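Chain by chain, the residues:
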Amino acid sequence: MIRQSNHITDAFGRKHDYLRISLTDRCNLRCTYCMPEEGVALRSKNEFMTSEEVIQIASAFVSLGIKKIRLTGGEPLIKKDFNNILHQLSRLGVEISITTNGILLHKHFDSILEAGVTKINISLDTLKRQKFNLITRRDYFDLVYENIQNSLLIFDEVKLNVVLIKGKNDNELIDFIDFTKENKVNIRFIEYMPFDGNNWRKELTVTQSEINNILQLNYGNKIVKLLDDNHSTSRNFKIEKHLGTFGFINTITNPFCDSCNRIRLTADGKLKNCLFSSNEMNLLYPLRSGKDIIPLIFKNINEKFRNHGGINSFEKDSHIYNKNRTMIAIGG
Ligand code: SAM
Ligand code: SF4
């Protein structure tokens, strides 16, 4: 028997009030860890949510107690109707935030501010142009860097997402932390995660003890541990006298499943109750045929696994995450 209430609570009593909506599975970058080399198969436009459908589904979630919506992708800013979607979502009375690669930000600053968005997450894995080109397979470093600098002037809160990969950018850990000296930014070092087609290997992840050694060596007792919010996915720190802060999101080695409050809606209108779960509930087609999608939302959330979408070991259970989508098709 599936419980019905005004809130989206799973079988383990976790209340879900944070919805991440992927607006598109397309992108203007080709990050090696996110998108398979061969790209993502083109699908008919009809398979994806229209702007109106995004708003309809988001409204259903808000009626169930969703308090925060993050727009992501693929790259959310390449969605044709982005400004209109943002404007309409801003009327739902919930906090809106955006995760972007930053390339198109300068074209959207005004509409983002008008929608009342005060916080933004921008992804940047390296402070070096050449390496940026290697990681993203595109040449946009200068533009992204400039948009980050302007975002720091415009928004109340700017977070930089850095996926740490051994042998690729782990030697820039200190450069990134030094960036917090003069910049009021929160840098989030994200553990490299496995998805279909991204050639993940455990050896490519940088362990927290390796990171701690580097931090100790460089900053010693100047490292200050900060208090983390209840649902925070990162453990946060700062260096004495630095304006900015930094944190670590270790989804695999230090999971935050116990306090998980997130649900994902993919660009093709499927509800995913966990980043790592391949159990998806199609909300778009029932919506199009006039069905009530709320019982479907409850059903899917009720089936949510306690940890990592049912994956016990990322090394042994690759058959499970290989059945999952690529990160770009999930919506990070
Ligand atoms: N295009 C936007 C961006 O890059 O910020 C939003 C979508 S992207 C999928 C969202 C976040 O997921 C980015 O910060 C990206 O670095 C992160 N990400 C993608 N693949 C990942 C992986 N395999 N492991 C860890 N983080 C990943
Ligand atoms: Fe695009 Fe973001 Fe994935 Fe990079 S991480 S390919 S920018 S969706």
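By convention here, each chain's residues receive numbers from 1 onward along its written sequence. Each chain gets a letter, beginning with A, and each ligand a number, beginning with 1, in the order they are written. Two thresholds apply to this predicted model, a pLDDT of at least 70 for residue-level local features and 80 or more for giving and counting side-chain atom pairs, whereas whole-chain, interface and lining totals are computed over all residues. Side-chain metrics rest on all non-hydrogen atoms present in the structure, leaving aside hydrogens and water.

## Some remarks on the overall build of the chain
Here's step 1: Secondary structure counts use DSSP, requiring at least four H or I residues in a row for a helix and at least two E residues in a row for a strand, with both numbered from the N terminus. Helix and strand counts for the chain come out as 11 helices and 14 strands.
Here's step 2: It is over C-alpha atoms that the radius of gyration is taken, and the globule rule equals 2.2 Å times the number of residues to the power 0.38. For 332 residues, the compact-globule estimate of 2.2 N^0.38 gives 20 Å, and the C-alpha radius of gyration of the chain, at 19 Å, lies within 12% of that figure.
Here's step 3: Taking the principal axes of its C-alpha atoms as reference, the chain extends roughly 60 × 45 × 40 Å.
Here's step 4: Under the scheme applied here, a residue whose accessible area is under 20% of the maximum for its type counts as buried, over 50% as exposed, and between as partly exposed, the area being computed with a 1.4 Å probe on protein chains only. Within the chain, the fraction of its 332 residues that count as buried is 55%.
Here's step 5: Long-range pairs, those at least 24 residues apart, make up 72% of the contacts in the chain with a sequence separation of at least 6.
Here's step 6: Residue-level accessible areas treat just the shown protein chains as cover; the underlying method is Shrake-Rupley with a 1.4 Å probe. Only carbon and sulfur atoms are counted for the fraction: they give 50% of the accessible area of the chain, which is about 15400 Å².
Here's step 7: For the chain, the distance from the average site of its 46 positive side-chain charges to the average site of its 38 negative ones is 3 Å. In what follows, a contact means two residues having at least one pair of non-hydrogen atoms within 4.5 Å. When charges are counted, neither His nor the chain ends are considered; positive counts come from Lys and Arg and negative counts from Asp and Glu. Here the site of a charge means NZ on Lys, CZ on Arg, CG on Asp, or CD on Glu.

## Details of the packing of helix α2 (residues 82–89) against helix α3 (residues 105–114)
Here's step 1: Under this scheme, a helix contributes an axis fitted over its contacting stretch, all axes are lines through C-alpha atoms, and angles between N-to-C directions fall in the 0 to 180 degree range. One can describe the packing of α2 onto α3 by two numbers: an axis separation of 9 Å at closest approach and a directional angle of 15°. Between α2 and α3, the angle is such that the two are roughly parallel. Where α2 crosses over α3, the two elements pack in a sense that is right-handed. The segment α2 lies against α3, with Phe 82, Asn 83 and Leu 86 engaging His 108, Ser 111 and Ile 112.
Here's step 2: Asp, Glu, Lys and Arg are counted as charged, while Ala, Val, Leu, Ile, Met, Phe, Trp, Tyr, Cys and Pro are counted as nonpolar; the rest, among them Gly, fall into the polar class. When its residues are assigned to classes, the contact of α2 with α3 shows three nonpolar, three polar and no charged. Convention used here: angles under 35 degrees read as roughly parallel, angles over 145 as roughly antiparallel, angles from 65 to 115 as roughly perpendicular, and any remaining angle as oblique. Definitions for this section: a left-handed crossing has its near helix turned counterclockwise from the far helix by less than a right angle. A right-handed crossing has that turn clockwise.

## Observations concerning the environment of Ile 211
Here's step 1: Of note, Ile 211 is situated in helix α7 (residues 208–219).
Here's step 2: Separated by 66 residues in the primary sequence, Ile 211 and Ser 277 have C-alpha atoms spaced 28 Å apart.
Here's step 3: Among residues more than four places away in sequence, those in contact with Ile 211 are Leu 164, Leu 173, Val 206 and Phe 248.

## Regarding the site of ligand 1
Here's step 1: Around ligand 1, 20 residues are found, and the nearest of them are Gly 74, Glu 75, Ser 123, Asn 161 and Met 193.
Here's step 2: Whenever two N or O atoms come within 3.5 Å, that pair is a polar contact, provided that in protein one can donate a hydrogen and the other can accept it, and provided that, for residues adjacent in sequence, both atoms are side-chain atoms. Here Gly 74 contributes a backbone N or O atom positioned 3.0 Å from a nitrogen atom of ligand 1.
Here's step 3: About the coverage of ligand 1: the protein hides 95% of its 540 Å² of free accessible area.
Here's step 4: At the level of elements, β5 (95–100), β7 (157–164) and β8 (186–191) are the ones that each hand at least two residues to the shell around ligand 1.
Here's step 5: Broken down by class, the residue content of the shell around ligand 1 amounts to eight nonpolar, 10 polar and two charged. Residues are counted as near a molecule or strand when any one of their heavy atoms sits within 4 Å of it.

## A closer look at the packing of aromatic side chains
Here's step 1: In this analysis, rings of Phe, Tyr and Trp, with Trp reduced to its six-membered ring, are considered paired at centre separations within 6.5 Å, and the interplanar angle assigns stacked below 30 degrees, edge-to-face beyond 60, and tilted for intermediate values. Overall, the coordinates contain 10 aromatic pairs when judged by the stated rule.
Here's step 2: Plain terms: the ring middles of Tyr 145 and Phe 179 are 6.2 Å apart, the flat faces sit at 65° to each other, and that makes the pair edge-to-face. With Tyr 145 in helix α5 (residues 141–154) and Phe 179 in helix α6 (residues 173–179), the pair connects residues that are 34 residues apart, well separated along the chain.
Here's step 3: Since its relative accessible area comes to 8%, Phe 179 is described here as buried.
Here's step 4: Relative to Phe 248, the ring of Phe 189 has its centre 5.4 Å away and its plane inclined at 25°; by these criteria the two rings are stacked. With Phe 189 in strand β8 and Phe 248 in strand β11 (residues 245–249), the pair connects residues that are 59 residues apart, well separated along the chain.
Here's step 5: On the accessibility criterion, Phe 189 (1% relative accessible area) is buried.
Here's step 6: An aromatic cluster is present here, built from Phe 176, Phe 189, Phe 237, Phe 246 and Phe 248 joined pairwise through their rings.
Here's step 7: A ring is scored as having a charge over it whenever the NZ atom of a lysine or the CZ atom of an arginine sits within 6 Å of its centre and within 35 degrees of its normal. Above the face of the Tyr 18 ring, Lys 68 is positioned so that its terminal group lies 4.6 Å from the ring centre.
Here's step 8: Sitting above the plane of the Phe 237 ring, Lys 225 keeps its charged end 5.0 Å from the centroid.

## Focus on the packing of helix α1 (residues 51–63) against α2
Here's step 1: In contact at an axis separation of 10 Å, α1 and α2 are set at 25° when each is read in the N-to-C sense. When the axes of α1 and α2 are compared, the pair comes out roughly parallel. At the point where α1 passes α2, the crossing takes the right-handed sense. Here Ser 51, Val 54, Ile 55 and Ala 58 of α1 come into contact with α2, specifically with Asn 84, Ile 85, Gln 88 and Leu 89.
Here's step 2: Classifying every residue of the contact of α1 with α2 gives five nonpolar, three polar and no charged.

Taken by themselves, the reported measurements are silent on function.
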